[in-house]
Amino acid sequence: MAAAVRMGVVGAGSISVRGILPHLCQPDLADRVKLAAVCDPVPGRADAAAAKFGVEQGFTEYEDLLARGDVDAVTIASPIGLHYEQGKLALQAGKHVHFNKTMTVTVAEASELIDLAAANSLRIVASPGEMLRPHHVRTRELIASGAIGTLSWVSCGAAFGTYHEDESVRGGSDVLSNIDPSWYFRKPGGGPMYDMTVYSLHTVTGILGPARRVTAMSGVRVPVRSFGGRDVETDADDNTAVLIDFGANLFCVATGTAAGGMTGGMGGAFYGTKGTINGLLLNGEPFDFPGRNPDERSARGHGNQALLPHVTGVHRDIEEQHVYEDVMQLVDWVRDGSPSIVTAEHARHVIDIIESAYRAASTGQTQDLTTTF
Ligand SMILES: NC(=O)c1ccc[n+]([C@@H]2O[C@H](COP(=O)([O-])OP(=O)(O)OC[C@H]3O[C@@H](n4cnc5c(N)ncnc54)[C@H](O)[C@@H]3O)[C@@H](O)[C@H]2O)c1
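The name an unreviewed UniProt entry assigns to the protein is Gfo/Idh/MocA family protein, from the organism Tenggerimyces flavus. Entered under Sequence similarities (unreviewed entry) in the UniProt record, the comment concerning the protein runs "Belongs to the Gfo/Idh/MocA family."

Attention now goes to the domain arrangement of the protein. Frequently, the measure chosen for interface size is the accessible area removed from exposure when the parts meet. Its domain assignment divides the protein into domain 1 (5–129 + 323–342) and domain 2 (130–304 + 349–368). A C-alpha centroid distance of 24 Å is found between domain 1 and domain 2. Of the residues lining the interface, 32 residues belong to domain 1; the matching set on domain 2 comes to 24 residues. Contact between domain 1 and domain 2 buries roughly 2200 Å² in total, counting both sides, with carbon and sulfur atoms accounting for 68%. Looking at the side of domain 1 that touches domain 2, the elements with two or more residues in it are α1 (14–24), α2 (45–53), α5 (107–119) and α9 (321–336). Sort the elements by how many residues they give to the side of domain 1 that touches domain 2 and α2 lands first, with 4 residues. Classifying every residue of the side of domain 1 that touches domain 2 by side-chain character gives 16 nonpolar, 10 polar and 6 charged.

What follows is about the packing of α5 against helix α10 (residues 344–363). Where α5 meets α10, the axes come as close as 9 Å, and the angle between the chain directions of the two elements is 165 degrees. What the angle tells us is that α5 and α10 run roughly antiparallel. Crossing handedness for the pair α5 and α10: left-handed. Of α10, the residues touching α5 (which contributes Val107, Ala110, Ser111 and Ile114) are Ala344, Glu345, Arg348, Ile351, Asp352 and Glu355. Considered class by class, the residues forming the contact of α5 with α10 number 5 nonpolar, 1 polar and 4 charged.

An ideal rise of 1.5 Å per residue puts 24 Å on 17 residues; helix α8 (residues 192–208) measures up with 22 Å between its terminal C-alpha atoms. Taking the largest bend as the criterion, α8 deviates by roughly 50 degrees, centred on valine 198. For α8, a buried count of 16 out of 17 residues is recorded, marking the element as mostly surrounded by other parts of the structure. Positioned one or two residues after α8, glycine 209 has a phi angle of 95 degrees, which is positive.

On to the site of the ligand, then. Close to the ligand lie 32 residues; Asp40, Arg45, Lys101, Arg170 and Tyr184 are nearest. Between the ligand and arginine 18 there is a distance of 3.0 Å, counted from an oxygen atom to a side-chain nitrogen or oxygen. In the model, an oxygen atom of the ligand is placed 2.6 Å from a nitrogen or oxygen of the aspartate 40 side chain. Protein burial of the ligand: of its 820 Å² of free accessible surface, 90% is covered by the chains. Elements with a minimum of two residues in the shell around the ligand: α1, α4 (83–92), α7 (163–166) and α8. Ranked by residues supplied to the shell around the ligand, first place goes to α1 with 3 residues. In the shell around the ligand, the residues fall into 15 nonpolar, 8 polar and 9 charged. When residues of the shell around the ligand are sorted by domain, at least three fall in each of domain 1 (5–129 + 323–342) and domain 2 (130–304 + 349–368).

Ranked by internal contacts, the top residues of the largest apolar core, which has 37 residues, are Leu201, Val242, Ile244, Cys252 and Phe270. Secondary-structure elements contributing two or more residues to this core are α6 (134–144), β7 (151–159), α8, β8 (213–219), β11 (239–245), β12 (251–257) and α10. Here this core takes 7 residues from α8, the largest share from any one element. Not counting chain neighbours up to four residues away, the residues in contact with valine 242 comprise Met193, Val214, Thr215, Ala216, Cys252, Val253, Ala254 and Ala357. Counting 35 residues, the second-largest nonpolar core is a separate cluster that includes Met7, Leu176, Tyr324 and Leu330.

So, how was this worked out
- Residues numbered from 1 in each chain as written.
- Predicted model: local features only at pLDDT ≥ 70, side-chain atom pairs only at ≥ 80, totals over all residues.
- Heavy atoms only, no water.
- UniProt positions renumbered as here; feature names shortened; annotations may be inferred.
- Domains from an automatic or database assignment.
- Contact = heavy atoms within 4.5 Å.
- Buried area = accessible area lost by both parts, 1.4 Å probe.
- Helix = DSSP H or I, 4+ residues; strand = E, 2+ residues; numbered from the N terminus.
- Nonpolar A, V, L, I, M, F, W, Y, C, P; charged D, E, K, R; others polar.
- Axes fitted to C-alpha atoms, helices over the stretch in contact; angles between N-to-C directions.
- Parallel < 35°, antiparallel > 145°, perpendicular 65-115°, else oblique.
- Left-handed = near helix turned anticlockwise from the far one by under 90°.
- Expected span 1.5 Å × (residues − 1).
- Bend = angle between axes of the 7 residues up to and from the residue.
- Buried < 20%, exposed > 50% of the residue type's maximum accessible area, 1.4 Å probe, protein only.
- Near = heavy atom within 4 Å.
- Polar contact = N/O pair within 3.5 Å; in protein donor to acceptor, adjacent residues only side chain to side chain.
- Areas by Shrake-Rupley, 256 points an atom, 1.4 Å probe, with all protein chains shown as cover.
- Core = buried A, V, L, I, M, F, W, Y, C linked by side-chain atoms within 4.5 Å.

Below, the structure is given as structure tokens:
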């Protein structure tokens, strides 16, 4: 039997305290994962998280976690703009890495990390693992088999709204419940494209394959937000509309906006000459896929979160199951060598779409994508 993976959790913010730590501290994982260390620069936060979830050590400095945390792997759950530097330090220290979305802000950063991991025989799993969901695999099969005729175009996207300001861990008075979301509105790494539309882009490229070109319009629509009674200025674009070319005149419209989701939402709507797939519906009726609950009448949405390989037993009752699933993809890969489909190369292609969309918006020029997966 392979040993349990000693995991370090980088950042004890929303996704860690609501999702990663509650899942990874469950007794059913005792032989597969050990919560070895957690770090966060906010005084007292890492220690509070360690005490609450039974983590062996808490640190305020990330470098100390790498040097003294005795970890085999890290899950990076800090603001997106920090992921590249923190991932690089982890790989240089010989640790496997799970990146909460999005892995990096630029293609150049992603390529450097991919090369570094390869040179050191280390694993990277880069969220979100949207193609682990059976209904997305079925959507791909349905389109390939001609179930909706010739696919014409796809719509997808997501909106910030006030999702992050309103999360349950933002408005409290202790270190685990007063977590400041301001970075979501700042460069580098802020904005709904890197945070939310990234799910749509993983799904659509997972279903259709790599894209060829993008063009976009983008800017800031809500210049000032409010959190904890103070103003938070937006400097990362919060209103972006992207047009993506998949070749042979197949197009996708993807949005990452301040408000108002696109038809198809995170999972996308696929419009063909003989029908439409929107979420869990084919021409308005639920379509079948492995594990589907026939009583599930939910029309669309993120789609059956529980239908993920590791989301069984107690994990069905804990939040953020897809994040837990992606962490376990790395754990399995490290323990038994079975490669995950949640690859850094796929994540880099999605980063290419987002980075190129911003470049297209600022230059007015359609951008050729340079990556594939
Ligand atoms: N909030 C969600 O719903 C959600 C869902 C899925 C994935 N994610 C992803 O998880 C990651 C974290 O998001 P979040 O919502 O938890 O953010 P958050 O703002 O709630 O928490 C981030 C934490 O990182 C800490 N931090 C800041 N600098 C750090 C550093 N140098 N080293 C270590 N920690 C540092 C902050 O103090 C804070 O506690 C992001 O990549 C995000 O996209 C978030």
